[in-house]
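Here are the chains, one letter per residue:
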Amino acid sequence: MVTMSDNIVIKAEGIGKKYILSHQIEKREELLSALIVKKGKELLRRGGDLIKPSFAGRAGKKSELEEFWALDEVSFEIAHGDRVGIIGRNGAGKSTLLKILSRITEPTKGRVTVKGRVATLLEVGTGFHSELTGRENIYLNGAILGMGRNEIRRKFDEIVLFSEVEKFLDTPVKRYSSGMYVRLAFAVAAHLEPDILIIDEVLAVGDAQFQKKCLGKMEEVSRREGRTVLFVSHNIGAVARLCHSALWLDSGKVVKYGDARELLDEYGSSGGTSSSLWIRSSEPGEFFSFKRIELKTGNQHGATLFDADERIEIKISYAISRHINACQISLRLLNSEGEIILTTADTDSAGSPAIPREPGEFSAICVIPPNLLTPGSYSISVAAHFPYNLLYDQVEQPVTFHVTQVGWPGSGDGRLGFISPLLEWKMGKNPGS
Amino acid sequence: MPENSVSRGCRPVEVALFQGRRSLIRTMSRKSVIIEAGKRDKRYWKDIWEYRELFFFLAWRDILVRYKQTVIGIAWSVLRPFLTMVVFTVIFGKLAKFPSGDAPYPILVYAAMLPWQFFANSLSESSNSLVTNSNMISKVYFPRMIVPASSVALGIADFLISLLILAFLMIWYHFIPDWRIVTLPLFFLLAIITSLGASLWFAALNVRYRDFRYIVPFLVQFGLYISPVGFASGVVPEKWRLLYSMNPMVGVIDGFRWAILGDVSGMYWPGFLISFILSAFLLYGGIRYFRGTEKVFADII
């Protein structure tokens, strides 16, 4: 028997998962079709040179057997009540890891010991049947997620209330709008009571407001109840907000496992999903070129993870090789959906739309004040141009960064909206009251 | 009660969370699960028991869904076996003129139709069941055997409805069964064993080799004619009967006839024994093969 200290609820020891690429596809249809095709090809080949060698030949057959380790020697321990974010690029093995931990698939090697009841949320609404009514689907989905009938009955009213679809409870879900569908599905999932909750990017559904609601819910579940949560997301801001430790995977291997804050900062600047520094590598512009764009906060350089109440400085270095009559350097701030949050220009401080420039090397620093941005991922684009016209040079999204939540006041307390500045409120007592 | 005073002001969700704390404590003492390559999980059958509600829910879902947007609804489940019985009586009894002994021909046919339809329905439904539920299989853990088993359960529901038609036929023809009728549940159990065995095989095979999607309907169609449904197995020459019993459904159907009609066609017990043993092996092998492959279902489905 494996011994685990009381506190450890998940212990992974050298787990690996091997997939066989392309060969697997061939093997899948092995029994009849592949056999018939193979025999057929052999017959045809014997028949003559009617077929091109590339079609009938055996060359390249062996190279199709490609082993692929989606996970390799992954070991870690998770203690009770931990909230662990799993980060890494696409194909790093995050989803495979979740599938192994939730017993959907088994590892090729290694061993995992899991203590307690596990609920997996790889998507919302698993097993929803479009012909069934909302009421019927609540029961079905609950059962699929591991709830007992009595448990569902007990929570039924709360689920319905949370989902805001009372009126349509006896309508088949195929007549639901996609928003209603997702709300109902998430409502069921939100009422799970597992010891360990495993969540994949389920928050990537629905509109921004719904995502926020889900995230808030996740936070409640994990914080207030001390539940162990494993959370995979591309949204670094969300991971930073929800988790206190992080597991960083790359090409199926653990890069690092530790404090979420430090790790996300490092991950962010490693070129994972964000970068704090851009240096020109392409051909310079004709007479204007951006050289270097860098993010910094206070005196720290190279950060990509900022607290909502930190000021963010964007330093733009550029070179000019001849006199320009009128030039404006502008900066756009975009959110993770690519929507423009704001546009600003270095001429803002000059009081004129464009100013003449002399040859030489310069730098400009744009300051994003604290308590302006809501938690999330952002990128910037910069351009140098004649006002409203004639582009001299531009760089699309050279740097990206993440803003995370800090406590009240300001953007950290989860208020909705694109920006969250602290505005001035005047308070007073009405005369005569 | 400080907990209540907190939850009173909260939204219902938060109330649920507070209540959740209780069940968290309840489940803390759960045993640990070890996930390892090729490991035969000792808790497997216990897991199946714990997921029994999912089993019922899946069967319930399939029943609900089946007759949605139909005009006559659940009446279809009565009409289908009834019409088949009429067709068989006309073709085999009137045109082909197979002997039926003392028993009315519709009852002779229907006694065999019952287990055969059960077998055919269960097999057709369950062989595709894993593939049609692939979304669940790749997203959530539960013992996979529940899926084909719930399709067989659906077949049982159909069977019970068909049994009512049999009762109706017996009244119509003033046919009174003898003491053997009490053995019917045993033969039905054998029918379940055979169907479940075949279902597990084909459901698991269909995940990897989709050829079985086309093989199963053919098998069901073909099996109807080589099994003694439209005729009594007494038609088969004595020297071939042992070989004929290699079809496990022969034992099941003969048993049903024996229990319902009495010994009209001469029960061939050695053959029945062979059918019985083969059915048992079918189920045993089915469970083994299913459990051997189910852990990779999510990867290949």
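Residues numbered from 1 in each chain as written. Chains lettered and ligands numbered in written order. Predicted model: local features only at pLDDT ≥ 70, side-chain atom pairs only at ≥ 80, totals over all residues. Heavy atoms only, no water.

Check the secondary structure of chain B and you find 14 helices and one strand. Pairs at least 24 apart in sequence give 80% of the contacts found in chain B among residues at least 6 apart. When the accessible surface of chain B is split by element, carbon and sulfur atoms take 69% of a total near 14500 Å². (Helix = DSSP H or I, 4+ residues; strand = E, 2+ residues; numbered from the N terminus. Contact = heavy atoms within 4.5 Å. Areas by Shrake-Rupley, 256 points an atom, 1.4 Å probe, with all protein chains shown as cover.)

Residue and element names in this part refer to chain B. Looking at the assigned domains, one finds that chain B contains domain 1 (1-69) and domain 2 (72-300). Together, the buried faces of domain 1 and domain 2 total about 2000 Å²; carbon and sulfur atoms form 61% of this surface. On the surface where domain 1 and domain 2 come into contact, there are two salt bridges. Measuring nitrogen to oxygen at the nearest pair gives 3.0 Å for the salt bridge that ties Asp-158 to Arg-66. Mapped by element, the contributors of at least two residues to the side of domain 1 that touches domain 2 are helix H3 (44-50) and helix H4 (52-66). The element contributing the most residues to the side of domain 1 that touches domain 2 is H4, with eight residues. In terms of residue class, the side of domain 1 that touches domain 2 is built from 10 nonpolar, no polar and seven charged. (Domains from an automatic or database assignment. Buried area = accessible area lost by both parts, 1.4 Å probe. Salt bridge = Lys/Arg side-chain N within 4 Å of Asp/Glu carboxyl O. Nonpolar A, V, L, I, M, F, W, Y, C, P; charged D, E, K, R; others polar.)

A few words on the state of the cysteines. Applying the stated criterion across every chain yields a total of zero disulfides over all chains. The thiol of Cys-366 of chain A is unpaired, and the distance to the nearest cysteine sulfur, on Cys-327 of chain A, comes to 16 Å. (Disulfide = S-S within 2.5 Å.)

Another aspect to go through is the nonpolar core. By size, the foremost hydrophobic cluster in this structure holds 104 residues, and its most contacted members are Ile-10, Phe-76, Leu-97, Ile-138, Leu-230 and Phe-231 of chain A. Leaving out residues up to four positions away in the same chain, Ile-138 of chain A has contacts with Ile-152, Phe-156, Ile-159, Val-160, Leu-169, Leu-184 and Val-188 of chain A. In this structure, Phe-92, Trp-116, Ala-191 and Val-252 of chain B belong to the second largest nonpolar core, which totals 50 residues. (Core = buried A, V, L, I, M, F, W, Y, C linked by side-chain atoms within 4.5 Å. Buried < 20%, exposed > 50% of the residue type's maximum accessible area, 1.4 Å probe, protein only.)

Our next topic: the confidence of the model for chain B. All names here are of chain B. With 86% of its residues at a pLDDT of 70 or more, chain B shows a mean pLDDT of 81. Least confident of the elements in chain B is helix H1 (residues 2-8), whose mean pLDDT is 36; most confident is helix H9 (residues 184-208), at 94. In the predicted structure, residues 1-29 sits below a pLDDT of 50 and forms 38 contacts with residues beyond four places in sequence or in another chain. Interface confidence in the predicted complex, given as ipTM, is 0.77; pTM for the same model is 0.71. (pLDDT = per-residue confidence, 0-100.)

Phi is positive for Arg-103 of chain A, which is not a glycine, with a value near 65°. Even without being glycine, His-174 of chain B reaches a positive phi, approximately 50°. Along the chain, His-174 of chain B falls in the loop between helix H8 (146-172) and H9.

The description of two packed helices rests on the angle between their axes and on the distance between the axes. Residues and elements named next belong to chain B. Two elements in contact, H4 and H8, have axes separated by 8 Å at closest approach and are oriented at 55°. Comparing their axes, H8 and H4 come out oblique. Like other packed secondary-structure pairs, H4 and H8 cross with a definite hand, here right-handed. Taking contact as the criterion, the partners of Leu-54, Phe-55, Leu-58, Ala-59, Asp-62, Ile-63 and Arg-66 in H4 are, on H8, Ile-146, Val-147, Ala-149, Ser-150, Ala-153, Leu-154, Ala-157 and Asp-158. Taken together, the residues that form the contact of H4 with H8 break down as 11 nonpolar, one polar and three charged. (Axes fitted to C-alpha atoms, helices over the stretch in contact; angles between N-to-C directions. Parallel < 35°, antiparallel > 145°, perpendicular 65-115°, else oblique. Left-handed = near helix turned anticlockwise from the far one by under 90°.)

This part takes up the packing of aromatic side chains. Following the criterion strictly, the structure yields 30 aromatic pairs over all chains and no others. Measuring from ring centre to ring centre gives 5.3 Å for Phe-118 of chain B and Phe-188 of chain B, while their planes differ by 55°; the resulting arrangement is tilted. Here Phe-118 of chain B, found in helix H6 (residues 105-132), pairs with Phe-188 of chain B, found in helix H9; they are 70 residues apart in sequence, far enough to count as distant. Arranged with centres 5.0 Å apart and planes meeting at 15°, the rings of Trp-201 of chain B and Tyr-289 of chain B form a pair that is stacked. With Trp-201 of chain B in helix H9 and Tyr-289 of chain B in helix H13 (residues 269-293), this pair connects stretches of sequence that are 88 residues apart. You can call Tyr-289 of chain B partly exposed: its relative accessible area is 23%. Cluster of aromatic residues (ring-pair linked, three or more members): Trp-179, Phe-187, Trp-258, Trp-269 and Phe-272 of chain B. Above the face of the Tyr-141 of chain B ring, Arg-103 of chain A is positioned so that its terminal group lies 4.1 Å from the ring centre. The side chain of Arg-322 of chain A reaches across the aromatic face of Phe-287 of chain A, ending 3.9 Å from its centre. (Phe/Tyr/Trp six-rings, centres within 6.5 Å; stacked < 30°, edge-to-face > 60°. Lys NZ or Arg CZ within 6 Å of the ring centre and 35° of its normal.)

Moving on to the side chain of Asp-195 of chain A. Residues and elements named next belong to chain A. Checked against the element boundaries, Asp-195 lands in the loop between helix H7 (178-190) and strand E6 (196-199). In this structure Asp-195 comes out as buried when scored by relative accessible area, which is 5%. Engagement of the side chain of Asp-195 in a polar contact is seen with the backbone nitrogen of Arg-117, the distance being 2.7 Å. (Polar contact = N/O pair within 3.5 Å; in protein donor to acceptor, adjacent residues only side chain to side chain.)

A separate point is the pattern of salt bridges. Following the criterion strictly, the structure yields 24 salt bridges over all chains and no others. Asp-62 of chain B serves as the salt-bridge partner of Arg-61 of chain B, at 3.3 Å between the closest nitrogen and oxygen. Each member of the pair, Arg-61 of chain B together with Asp-62 of chain B, is buried. What you see here is one network of salt bridges that share partners, running through Asp-72, Glu-73, Lys-109 and Lys-253 of chain A.

Bringing the environment of Glu-123 of chain A into the picture now. Residue and element names in this part refer to chain A. Along the chain, Glu-123 falls in the loop between strand E5 (118-121) and helix H5 (134-144). Of the residues examined, Glu-123 reaches a relative accessible area of 22% and is grouped as partly exposed. Placed 63 residues apart in sequence, Glu-123 and Phe-186 show a C-alpha to C-alpha distance of 9.1 Å.

As a further point, take the sheet that holds strand E7 (residues 228-232) of chain A. Residues and elements named next belong to chain A. Read from one edge of the open sheet, six strands run E5-E6-E7-E3-E8-E9, paired in mixed fashion. Each of the sheet's edge strands pairs with one partner strand only, and the pair in question is E5 and strand E9 (253-259). The sheet shows a mean angle of 15° between the axes of neighbouring strands, direction not considered. In this sheet, E9 lies alongside strand E8 (residues 245-250) in antiparallel orientation, the contact comprising six bridges. Bridged to Trp-248 within E9 is Lys-256. (Pairing = 2+ DSSP bridges.)

Residues and elements named next belong to chain A. Taking burial as the measure, the 12 residues of strand E15 (residues 324-335) include 10 buried ones, the bulk of the element. Across two bridges, E15 lies against strand E17 (residues 355-357) in antiparallel orientation. Counterpart to Ile-324 in the pairing with E17 is Arg-357. With five bridges connecting them, E15 and strand E16 (residues 340-345) associate as antiparallel partners. Its bridge partner lying in E16, Ser-330 is registered against Ala-345. The hairpin turn running from E15 into E16, its antiparallel successor, is four residues long, and Gly-338 in that turn takes a positive phi close to 85°.

Below, the discussion takes up the confidence of the model for chain A. Residues and elements named next belong to chain A. Residues with a pLDDT of 70 or more make up 81% of chain A, whose mean pLDDT is 79. Confidence, expressed as mean pLDDT per element, reaches its minimum in chain A at helix H3 (residues 53-56) with 39 and its maximum at strand E14 (residues 312-320) with 91. Segment residues 23-29: pLDDT under 50, and 12 contacts once partners within four positions in sequence are set aside and those in other chains are kept. Across residues 48-63, confidence stays below pLDDT 50; counting only partners more than four residues off in sequence or on other chains, it has seven contacts.

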